Amino acid sequence: MKIAVLNGPNLNLLGTREPALYGTTTLADIDARLRVVGAELGVDISCVQHNGEGELIAEIQGLRGRVDGALINAGAYSHTSLALRDAFAAAEVPFVEVHLTNVYAREPERRHSMLAPGARAVLCGFGADGYEWGLRGLVSLLRAS
Ligand code: DQA
């Protein structure tokens, strides 16, 4: 099984970006942990981060037929981008949406996700650990289907 891990805008800055909110774990740390968990689960993991919405869309389009599923933290695009949801639908890639913070306990503009209606599952508020739970949950869902 192959899983793509996608991160959106500003998540390359994890570690130093608003650490009181997002913690001090870097994206490289998260990706390294996911590769370890992937090895444990017998799953190939590929990790990318893009700041641009178009770059993320191109990445998702390119996943068609190449991966079994995706784990995505689309950052602020989660709240605005119908285009990202459409890209997953077009590519026919099942995905799990993850956020470090509990977006439902934050500003009103963060309490709606454009991705969620297309997601197999959504996790938020577990900090960096949420990526691991999201990966485990996604693999479990895919293996059950
Ligand atoms: C985030 C939440 C978003 O609202 C924000 O724009 C981010 C990070 C999270 O992981 O908590 O960039 O997706």
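Quick summary incoming for the structure in this document. (Residues numbered from 1 in each chain as written. Predicted model: local features only at pLDDT ≥ 70, side-chain atom pairs only at ≥ 80, totals over all residues. Heavy atoms only, no water.)

Here we come to the site of the ligand. Surveying the vicinity of the ligand reveals the residues Arg17, Tyr22, Asn73, Gly75, Ala76, His79, His99, Leu100, Thr101, Val103, Arg106 and Arg110. The backbone of Ala76 places a nitrogen or oxygen atom 3.2 Å from an oxygen atom of the ligand. Out of a free accessible area of 320 Å², the ligand has 99% covered by protein chains. Each residue belonging to the shell around the ligand can be placed in one class, and the counts come to 4 nonpolar, 5 polar and 3 charged. (Near = heavy atom within 4 Å. Polar contact = N/O pair within 3.5 Å; in protein donor to acceptor, adjacent residues only side chain to side chain. Areas by Shrake-Rupley, 256 points an atom, 1.4 Å probe, with all protein chains shown as cover. Nonpolar A, V, L, I, M, F, W, Y, C, P; charged D, E, K, R; others polar.)

A word on the sheet that holds strand β3 (residues 69-73). Spatial strand order, β2-β1-β3-β4-β5: 5 strands in an open sheet with parallel pairing. Looking at the sheet topology across the chains shown, the edges are occupied by β2 (44-49) and β5 (121-124). Taking each pair of neighbouring strands and ignoring which way they run, the sheet shows an average axis angle of 15°. Packed on one face of the sheet, helix α2 (residues 27-41) meets β1 (2-7), β2 and β3 and runs near 165° to β2. (Pairing = 2+ DSSP bridges. Helix = DSSP H or I, 4+ residues; strand = E, 2+ residues; numbered from the N terminus. Axes fitted to C-alpha atoms, helices over the stretch in contact; angles between N-to-C directions. Contact = heavy atoms within 4.5 Å.)

This part covers helix α4 (residues 82-91). Taken residue by residue, α4 has Leu84, Ala87, Phe88 and Ala91 as its buried positions. The buried residues of α4 occupy one face: seen down the axis, they fall within an arc of 95°. As for α4, its buried residues are in contact with β1, α3 (53-61), β3 and β4 (95-99). Positioned one or two residues after α4, Glu92 has a phi angle of 55°, which is positive. (Buried < 20%, exposed > 50% of the residue type's maximum accessible area, 1.4 Å probe, protein only. Arc of directions from axis to C-beta.)

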